[in-house]
Amino acid sequence: MERRRFLQTGVAGLAMTALTFKPSIASAQTQQKKLGIVQGATGETATQISVLVPLQSRHKFKVVSAEGETKSPALIERFTFPKHDDAIINISFDELCPDVDYIFIVSDDLGNTLDQRMFSTLSIKSELSFTVSSCMDH
């Protein structure tokens with residue numbers, strides 16, 4: 001999938017769904033306010049993650065595998081909206097390994113972990129299935 005389509009799919013996914021990550025043990029032990037984090041378009045070797053952050057804040061992002069391999073973002077986009085105190089940051093990671101658990105880590109400029117979540121890339125061994133749902137008011 002080309003990068004532009006991948007990103008468009010991720011933004012559309014953010015608008016349509018709010019998936020919850022499995023909280024990691026370390027993040028469950030922290031007392032800090034959690035950030036709004038949504039995993040968007042995900043494939044065998046890439047994922048897009050969106051984070052809702054205070055408008056004036058600055059953050060660093062990375063993913064770490066169980067083996068300790070660290071990956072930096074391939075792309076970071078920041079979206080702001082008039083009259084809102086928050087921004088949405090879309091972070092794309094590529095060159096990930098299929099069917100592997102990762103920890104997504106958000107830190108401040110000093111390297112302090114603010115939030116972290118576990119996620120997985122898609123397994124290429126299993127059959128792909130999905131569900132589409134809709135809710136309408138009449």
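Just so we're clear, the structure is a prediction, and the values are computed from it rather than from any experiment.

## Some details on the sheet that holds strand S3 (residues 47–54)
And step 1. Strand order across the open sheet formed by four strands is S2-S3-S7-S6, with antiparallel pairing between neighbours. Because the sheet does not close on itself, it has two edges, and the strands there are strand S2 (36–42) and strand S6 (75–80). With strand direction ignored, the average angle separating the axes of adjacent strands in the sheet is 20°.
And step 2. Looking at chain direction, S6 and strand S7 (residues 86–93) are connected through six bridges and run antiparallel. Considered in S7, the bridge of Thr-80 is made with Ala-87.

## A word on the nonpolar core
And step 1. Among the nonpolar cores identified, the biggest contains 17 residues, and Val-51, Phe-61, Phe-93 and Phe-104 are the most heavily contacted of them.
And step 2. Elements with a minimum of two residues in this core: S3, strand S4 (60–65), S7 and strand S8 (101–107).
And step 3. Tallying contributions element by element places S7 first for this core, with four residues.

## Here's the deal with the environment of Lys-125
And step 1. With respect to the helices and strands, Lys-125 occurs in the segment after strand S9 (113–120).
And step 2. The spacing of Lys-125 and Pro-98 is 27 residues in sequence and 9.3 Å in space, taken between C-alpha atoms.

Criteria and thresholds
Residue numbers restart at each chain and count upward from 1, following the sequence in its written direction. Whole-chain, interface and lining totals are the exception, using all residues; otherwise, since this is a predicted model, local features are given only for residues with pLDDT of at least 70 and side-chain atom pairs are given and counted only at 80 or more. As a rule here, side-chain values cover all heavy atoms of the structure and leave hydrogens and water aside. Any two strands between which DSSP finds at least two bridges are classified as paired. The helix and strand labels rest on DSSP assignments: H or I over at least four residues marks a helix, E over at least two residues marks a strand, and numbering proceeds from the N terminus. Axis angles are defined between N-to-C directions and span 0 to 180 degrees, where every axis is a line fitted to C-alpha atoms and, for a helix, only to the segment in contact. Nonpolar core, defined: a set of buried Ala, Val, Leu, Ile, Met, Phe, Trp, Tyr and Cys residues in which side-chain atoms within 4.5 Å join the residues together. Each residue is assigned to one of three classes by its accessible area relative to the maximum for its type, calculated with a 1.4 Å probe on protein chains only: buried under 20%, partly exposed between the two thresholds, exposed over 50%.

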